[in-house]
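Read off the chains here:
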Amino acid sequence: MSAPHYSDFVPPVSDARKRDVSLYQFFAPGGVLSRTHPAYEFRRGQLQMAQAVEQALEENRHLIVEAGTGTGKTLAYLVPVIRSGKRVIISTGTKNLQEQLFHKDIPFLEQALFPHGEDKLKVCYMKGRNNYLCRKKLYDLTDQPVLSGLEEIEHYRAIAAWEKVTNTGDRAELASLPEASALWHKIDARSDTCLGQKCSAWDRCFITEMHRKAMESDIIIVNHHLFFADLSIKQQAEYAPDAGILPEAGAVIFDEGHELEDVAGSYFGVSVSNGRFEELCRDIEVSLQRNHMLSASLSGALKSLRERALFFFALLPQGDGRFAFESRREFMEENGDEFLGLQQALTRLGSELENLPSKPEEVFNFARRTQELQVQLGFLMESEDRNTVFWIERRRGGRDKQNVFLQATPIDVAPILKTCLFDKLECAVLTSATLAVGGSFEYMLQRLGLEHAREAVLPSHFDYENQALFYVPPDLPDPRTPQFAAKAADRIRRLLEITRGRAFVLFTSYAQMNDVYQRLLGELEFPMLLQGDAPKTALLEEFRLTPHAVLFATSSFWQGVDVQGEQLSCVIIDRLPFAVPSDPVVAARVKSIDAEGGNAFFQYQVPAAVITLKQGFGRLIRSLHDRGLLVLLDNRILKKQYGKVFVESLPPYRRTTDLKQVEDFFGCGTCGADTPVRRL
Ligand code: SF4
């Protein structure tokens, strides 16, 4: 039987709303938006995008649309979504955007479209399951508290009191609970420990409630992680009716769509860590102790599994960070017995669980987790799947602990996304400020397996030519040479003197960031902030509040960061952001494209770096009134043939290689437009 279409399940939504007003009448001067929005400006790109989205929804077509910062993308898709009368899932890359949609854009549109309360939009905002409290786990803990330390006891009291009054179970309501609370991890609603309909707290479960709410909603706001976690669960369960928590929808809008490949890759892969073994053993122990069922033979099976797992993970190849597990076959030849020993320990635990008399419901869940570990470990060590790269990651945990992850990631997610997602959806809309390379979507469409999509690249609302100057120093050494850091630090110092600080200096590696930061420490007259010295949100807040601050950061600040106004007047990037070629997933993708006769450098590495560079530079101009300097310290953009692809993909910033022009740009006080600028 073929898998059903999403739309087969879509219930008719009450009415198609406000179709008596055309999109033009809504967005154009004098229209609804101009009368209701306090900062209204007519944006041609916004109207064009709304028309394209409406057409895609009406004709059940896929659409890919690049719309730069300032287009007003969210309203451009929300208005057609509301008018479509379909149930639509909106998936975003960041929590900020989810919150903006739910707390700002949708309430605004509700008021604008239905000023007298004629209609009410049914909207649901869903986060990942680990954001919600699991009532069952909390109640179990209440029966037999296993808490360590005063802090955990305090957190427990706060959560237990809050559980009685909260309607959502969303931890965001508990501002006092620290982000890294160890207790929360023990009582959140992650799916691997959930008993589903067999749970005694099912009727009052926050996840059940969220699912019910989503079933009644017209618009469901999620993030890409939740969307793909849900999709992969549905895939594994072959569309069992109660698999996953997202209801079926008539369309899905992917905002910040440039992140889809990475997120999808992580959910369609497999990951087994030493921590997962430990967690399983601990969960079983705690539960069986509580139920007075921990027999000597079960304790023995748990002890054996712990020992076997410890031994097996210690045998895995050594190395730091992420690295390919290329020697799997040799490893298995040498250590096959230890692998079998671990598998047998899992089998033994599985049968011990099976043999328990009158099992409490959670035991079935433990048995499922045990079996899942066995299957996944088998795949990781023995599979010969050609579309999968196998790799290892070591991360430092707390207290000298090392977390070791055995990973398998699809090399090409396109065939998976095509069959599991795009072929089954009637309408998918992909949008972002950074999807096109040199004006074409070829790269993105190919990487994602999206076929037969309509395409649109919309004009920007910003006057980039006058708002931003793009400077590349022609005289700096190649960033791959050892001389680069010292020269780059000198030039950064000079540039910051001109801009009076107020800058992000963004790096492609921690090592380069730390090196340049150390060289400039004590040399700058402006406050210097360094990534890692405080959490990201705190650093950003400090940056906003500290006059002339300079922030040194790496990849996590290249995206989803919004600082408007003069406080951010300069963005400096150290080098063209090619993905690290030794990264196991990148290396496997490169090898696979080359092996098929393609040219991985031009088909994959350059386009991916173009998208990242566009994201990084996108931090500077966030509103019509922003103005400032963009710097790329890597002059390969001028000297190498591939540099042209980057230049042609960037917005039409005014460009220069002359430091004097930079001084003039800041010196003239307005826009520097009178100054002739030497072109790149
Ligand atoms: S249904 Fe699952 S998430 Fe909900 S309370 Fe029960 S175990 Fe927890």
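Residues numbered from 1 in each chain as written. Predicted model: local features only at pLDDT ≥ 70, side-chain atom pairs only at ≥ 80, totals over all residues. Heavy atoms only, no water.

Caption draft 1: Region of interest: the site of the ligand. In the region of the ligand, the neighbouring residues are Arg129, Cys134, Arg135, Lys136, Ala189, Cys194, Leu195, Gly196, Cys199 and Cys205. Each residue belonging to the shell around the ligand can be placed in one class, and the counts come to six nonpolar, one polar and three charged. (Near = heavy atom within 4 Å. Nonpolar A, V, L, I, M, F, W, Y, C, P; charged D, E, K, R; others polar.)

Caption draft 2: Structural view of the packing of helix α14 (residues 328–354) against helix α15 (residues 361–382). In contact at an axis separation of 10 Å, α14 and α15 are set at 170 degrees when each is read in the N-to-C sense. In terms of axis orientation, α14 runs roughly antiparallel to α15. Contacts from Arg328, Phe331, Met332, Phe339, Leu342, Gln343, Leu346, Thr347, Leu349, Gly350 and Leu353 of α14 reach α15 at Val363, Phe366, Ala367, Thr370, Leu373, Gln374, Leu377, Gly378, Phe379, Leu380, Met381 and Glu382. For the contact of α14 with α15, the per-class residue count stands at 15 nonpolar, six polar and two charged. (Axes fitted to C-alpha atoms, helices over the stretch in contact; angles between N-to-C directions. Helix = DSSP H or I, 4+ residues; strand = E, 2+ residues; numbered from the N terminus. Parallel < 35°, antiparallel > 145°, perpendicular 65-115°, else oblique. Contact = heavy atoms within 4.5 Å.)

Caption draft 3: Spotlight on the pattern of salt bridges. Applying the stated rule across the entire model yields 44 salt bridges. Here Glu451 and Lys418 are joined by a salt bridge, their closest N and O atoms 3.8 Å apart. Within this pair, whereas Glu451 is found in the loop between α17 (442–448) and β11 (453–457), its partner Lys418 is found in helix α16 (residues 414–422), the two being separated by 33 residues in sequence. A relative accessible area of 25% places Lys418 in the partly exposed class. In this structure, Glu566 engages Arg502 in a salt bridge whose closest nitrogen and oxygen atoms are separated by 3.7 Å. In this pair, Glu566 sits in the loop between β15 (550–553) and β16 (570–573) while Arg502 sits in the loop between α19 (484–499) and β13 (503–506), placing the two residues 64 residues apart along the sequence. You can call Glu566 exposed: its relative accessible area is 61%. In this structure Arg502 comes out as buried when scored by relative accessible area, which is 15%. Each of Asp490, Arg493, Arg494, Glu497 and Glu663 takes part in salt bridges that share partners, so that together they form one network. (Salt bridge = Lys/Arg side-chain N within 4 Å of Asp/Glu carboxyl O. Buried < 20%, exposed > 50% of the residue type's maximum accessible area, 1.4 Å probe, protein only.)

Caption draft 4: Inspection of the sheet that holds strand β9 (residues 402–410) at higher detail. The four strands lie next to each other as β6-β9-β8-β7, forming an open sheet whose pairing is antiparallel. The strands lining the two open edges of the sheet, one partner per strand, are β6 (270–273) and β7 (321–324). The average undirected angle you get between the axes of adjacent strands in this sheet is 20 degrees. Pairing of β6 with β9 involves four bridges; the strand directions are antiparallel. The partner of Ser271 across the bridge, within β9, is Gln407. (Pairing = 2+ DSSP bridges.)

Caption draft 5: Quick look at the packing of helix α10 (residues 224–236) against α16. In the contact formed by α10 and α16, the axes pass within 11 Å of each other and the chain directions differ by 80 degrees. Classified by the angle between their axes, α10 and α16 sit roughly perpendicular to one another. Counted together, Phe227, Phe228, Leu231 and Gln235 of α10 and Leu417, Cys420 and Leu421 of α16 form the full contact between these two elements. Of the residues contributing to the contact of α10 with α16, the split by class is six nonpolar, one polar and no charged.

Caption draft 6: How the structure looks around the sheet that holds strand β10 (residues 428–432). Pairing is parallel in the open sheet, where seven strands are placed in the order β3-β4-β2-β5-β10-β1-β11. Looking at which strands have only one partner, the edges of the open sheet turn out to be β3 (123–125) and β11. This sheet shows a mean twist of 15 degrees between the axes of neighbouring strands, independent of strand direction. In this structure, strand β1 (residues 62–66) lies alongside β10, joined through four bridges in parallel fashion. Pairing of Glu66 across the sheet is with Ser432, part of β10.

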